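Listed below are the residues making up each chain.
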Amino acid sequence: MKGTWKLKLRMWLTSILMFTIVYALVMAAGWYLGVRGYMIWFAASLIIVFLQYWFGPSLVKRSMNVRPLSEAEAPHIHQMVQELADAAGIPKPEIGLSEVNIPNAFAYGRSKRSGHIAITRPILGLLDRDELRAVLGHEMGHIQHNDMIVTTVVSVIPMICYYIALSFMFSGDRDNGATIIIGILGYVAYLVGQLLVLFISRIREYYADEASVEFGNRPAALVSALYKLSYGAARCSNQTISDLNTNRAFFVNDINNAKHDINDFSQIDFDGDGKISDDELRRLANSDVKISRKNGVMEILSTHPDSLKRVKRLAELEN
């Protein structure tokens, strides 16, 4: 797809930067403590990442209250997922129904060969067939790209930095200024690492959007689905949003920004029908999109791209 190489380049450069930061920090800690201390942190981080990778799907399934959705219950969804899996060239993922009170969908699993796609119950009465297929295509893109593994691997970087910062800042060795310096550097690296993890998360969302289009879905159908999902999330109580806040990165859109996203989508909903048509999206493709400084800061701290930038990119795929 047009522009995909730029997204890949950004992801690889960001990943290299992250590993460079943690390598320099670990080397500083190793220089001060010796190889033995370095190996303890490294081994502990690898163990935690492995446990997260191995038990992660079960934890997601339990926290999101997911049960299997049989083909008899939803034959049209199973058909769409099978078609999308064939287009992606991967085995058909397991399909689940999440009993959470917010319209959305998400993917989880260990690899593309053991993927799961779950839809929440409220999404069933909200999206039409094309919109639902586009959302399922987005989640299929996450599975095809092994985003579960990517997220797990990059998340270890801030974790290592945090362990080093905690160990050195509270080591009790106040007579040696090197421990404080390494501790402060570790905490700064932890904060930078968290921002880079969020950056990679946003890039993966762009990938998944493009994958949905590659699988035969109309960009306007995905934008229209995002519009409706934002409305659905905005209607939910603050308690519902708060309960799902830790899992918001799994969703198609950031539920925390739903009300803000509605304002963005309404700007291109020229006929005010609550949907985004192909013509409306084409009009956006030929216009410039600039986000405010405030929205730019919000995006840096978000797991998902700014909605206008995201829609602009999908609009370019429409042409």
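Each chain carries its own residue numbering, running from 1 in the written order of its sequence. Given that the model is predicted, a residue must reach a pLDDT of at least 70 before its local features are reported, and side-chain atom pairs must reach 80 or more before they are shown or counted; all residues, however, enter totals for whole chains, interfaces and linings. Side-chain measures here rest on the full set of heavy atoms in the structure, leaving out hydrogens and waters.

A. Local environment of the overall build of the protein. Secondary structure follows DSSP: runs of H or I at least 4 residues long count as helices, runs of E at least 2 residues long count as strands, and numbering of each begins at the N terminus. Within the protein one finds 12 helices and 4 strands. The buried label applies to any residue whose accessible area, calculated with a 1.4 Å probe on protein chains only, is under 20% of its type's maximum; exposed applies above 50%, and partly exposed to all values in between. Looking at the protein as a whole, 51% of its 319 residues are labelled buried. We call two residues in contact whenever any of their non-hydrogen atoms come within 4.5 Å of each other. Pairs at least 24 residues apart make up 75% of the contacts formed inside the protein by residues separated by at least 6 positions. All accessible-area figures derive from a Shrake-Rupley calculation using a 1.4 Å probe, and residue coverage is judged against the displayed protein chains alone. Of the roughly 15,500 Å² of accessible surface on the protein, a fraction of 59% belongs to carbon and sulfur atoms.

B. Representation of the nonpolar core. If you look at the biggest cluster of nonpolar residues, it comprises 46 residues, and the most contacted ones within it are Ile77, Val135, Leu136 and Met140. Per-element accounting of this core gives the leading share, 8 residues, to helix H7 (residues 219-234). In this structure Leu136 touches Ile77, Met80, Val81, Leu84, Ile117 and Ile119, once residues within four positions along its chain are discounted. For our purposes a nonpolar core is just a set of buried Ala, Val, Leu, Ile, Met, Phe, Trp, Tyr and Cys residues, chained together by side-chain atoms within 4.5 Å.

C. Summary view of the pattern of salt bridges. The rule for a salt bridge is simple: a side-chain nitrogen of Lys or Arg has to be within 4 Å of a carboxyl oxygen of Asp or Glu. Counting across every chain of the model gives 15 salt bridges. The salt bridge involving Arg218 is made with Asp278; its shortest N-O contact spans 3.2 Å. With Arg218 in the loop between helix H6 (177-214) and H7 and Asp278 in helix H10 (residues 278-285), the pair connects residues that are 60 residues apart, well separated along the chain. Residue classification places Asp278 among the partly exposed positions, given a relative accessible area of 21%. With a shortest N-O distance of 3.5 Å, Arg248 and Asp254 are connected by a salt bridge. Relative accessible area serves as the criterion here: at 19%, Arg248 is assigned to the buried category. Note on Asp254: relative accessible area 4%, which makes it buried. If you follow the salt bridges from partner to partner, you end up with Arg67, Glu73, Glu99 and Arg121 in one network.

D. Expanded view of the sheet that holds strand E1 (residues 66-68). In this analysis, strands are considered paired if DSSP registers two or more bridges between them. Sheet architecture is open: 4 strands sit in the order E1-E2-E4-E3, paired in mixed fashion. Looking at which strands have only one partner, the edges of the open sheet turn out to be E1 and strand E3 (105-109). The sheet shows a mean angle of 35 degrees between the axes of neighbouring strands, direction not considered. Strand direction decides the pairing type here: E1 and strand E2 (residues 94-98), joined by 3 bridges, are antiparallel. Counted as the bridge partner of Arg67 is Leu97 from E2. An axis is simply a line fitted to the C-alpha atoms; with a helix, the fit covers only the stretch in contact. Between two such axes, the angle follows the N-to-C directions and lies from 0 to 180 degrees. Helix H4 (residues 129-144) contacts E3 and strand E4 (115-120) of the sheet and is inclined by roughly 150 degrees relative to E4.

E. Region of interest: the environment of Pro91. Looking at the secondary structure, you find Pro91 in the loop between helix H3 (75-88) and E2. In this structure the C-alpha to C-alpha distance between Pro91 and Arg113, which are 22 residues apart in sequence, comes to 6.0 Å. Excluding residues that lie within four positions of it along the chain, Pro91 makes contacts with Ala85, Lys112 and Arg113.

F. Spatial organisation of the packing of H3 against H4. Across the interface, H3 lies against H4 with an axial gap of 10 Å and an inter-helix angle of 45 degrees. With respect to their mutual orientation, H3 and H4 come out oblique. Taken as a pair, H3 and H4 cross one another with a handedness that is right-handed. Together, His76, Ile77, Gln79, Met80, Val81, Glu83, Leu84, Ala85 and Ala88 of H3 and Arg129, Leu132, Arg133, Leu136, Gly137, Met140 and Gln144 of H4 make up the contact between the two elements. Counted by class, the contact of H3 with H4 contains 9 nonpolar, 4 polar and 3 charged residues. Angles are sorted into four bins: roughly parallel if under 35 degrees, roughly antiparallel if over 145, roughly perpendicular if 65 to 115, and oblique for all others. Should the near helix be turned anticlockwise from the far one by less than a right angle, the crossing is left-handed, and should it be turned clockwise, the crossing is right-handed. Ten residue types, Ala, Val, Leu, Ile, Met, Phe, Trp, Tyr, Cys and Pro, are classed as nonpolar, four, Asp, Glu, Lys and Arg, as charged, and the remainder, Gly among them, as polar.

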